[in-house]
Amino acid sequence: CSIDPRFELVQRFLQSGKDRLVLLIASDFDPDGDEIAESFARSIRDDFDVDECLLDAHKVLLRADQISDWSLPPNKMEAKPSSPQYQKFLKRYRKKDVYELEAVPPSLMQSAIAEAIESVIDLEAFNDELASEKSDAVTLQAMKQEASDSFCDMFQNQDED
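Figured I'd write up the structure that's included with this text.

Rules of the game
Residues numbered from 1 in each chain as written. Predicted model: local features only at pLDDT ≥ 70, side-chain atom pairs only at ≥ 80, totals over all residues. Heavy atoms only, no water. Core = buried A, V, L, I, M, F, W, Y, C linked by side-chain atoms within 4.5 Å. Buried < 20%, exposed > 50% of the residue type's maximum accessible area, 1.4 Å probe, protein only. Helix = DSSP H or I, 4+ residues; strand = E, 2+ residues; numbered from the N terminus. Contact = heavy atoms within 4.5 Å. Axes fitted to C-alpha atoms, helices over the stretch in contact; angles between N-to-C directions. Parallel < 35°, antiparallel > 145°, perpendicular 65-115°, else oblique. Nonpolar A, V, L, I, M, F, W, Y, C, P; charged D, E, K, R; others polar. Salt bridge = Lys/Arg side-chain N within 4 Å of Asp/Glu carboxyl O.

**Describing the nonpolar core**
Ranked by internal contacts, the top residues of the largest apolar core, which has 15 residues, are Phe29, Leu61, Leu62, Ile67, Leu72, Ala79 and Tyr99. Of all the secondary-structure elements, those providing two or more residues to this core are strand S2 (55-61), helix H4 (86-93) and helix H5 (106-120). When neighbours within four sequence positions are excluded, Phe29 is seen to be in contact with Leu62, Arg63, Ala64, Ile67, Phe89, Tyr93, Lys95, Asp97, Val98 and Tyr99. In this structure, Phe13, Ala37, Phe40 and Phe48 belong to the second largest nonpolar core, which totals twelve residues.

Take a look at the structure:
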């Protein structure tokens, strides 16, 4: 994505007080898709001075292991030799076949993303936060009802006077 959304992402991270910025990246399996995943993390680090030890980048989709595990059909095209990343891609994967994210069935995409999220968050802390939010919601609803009842009583008393 362009520089403005990346800047906003870094600003949200810095304001969050979190100790790391986790990037879960989805891109096509082709020379340019591989480069997008690498260059995005590099840009966050270099363009916005995010210390590399704070950055945790993962290409969630689409990876060679997923293509194999899921028996995805290749795109009808091969990697473009004109791509600046062609040789790097060919050396890394030893294949010219490319795969689009659109080839991934939604259920597989959802499970890969869920698995990636679960692998990088503290599930116990997350579940504690969910429980706390539910408790807060109950307390706030009770306070809202009490305030509403008080206003109703106040207006009823004025009508009686």
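Text resumes after the structure shown.
**Structural notes on the packing of helix H2 (residues 31-47) against H4**
For the pair H2 and H4, the least separation of the axes is 9 Å and the interaxial angle reads 95°. Taken together, the axes of H2 and H4 lie roughly perpendicular to each other. In this structure, H2 contributes Pro31, Asp34, Glu35 and Glu38 to the contact, and H4 contributes Tyr86, Lys88, Phe89, Arg92 and Tyr93. Of the residues assigned to the contact of H2 with H4, the class counts are four nonpolar, no polar and five charged.

**Points about the pattern of salt bridges**
For the structure shown, the criterion picks out ten salt bridges. Arg92 is the partner of Asp34 in a salt bridge, and the nearest nitrogen-oxygen pair spans 3.1 Å. Here Asp34 is found in helix H2, whereas its partner Arg92 is found in helix H4, with 58 residues between them in sequence. Note on Asp34: relative accessible area 8%, which makes it buried. A salt bridge links Glu38 to Lys88; its shortest N-O distance comes to 2.8 Å. Pair noted here: Glu38 is in helix H2 and Lys88 is in helix H4, with a separation of 50 residues, a long-range link. With a relative accessible area of 26%, Glu38 lands in the partly exposed category. By relative accessible area, Lys88 is classed as partly exposed at 37%. Overlapping salt bridges bring together Asp34, Glu35, Glu38, Arg42, Lys59, Lys88 and Arg92 as one network.

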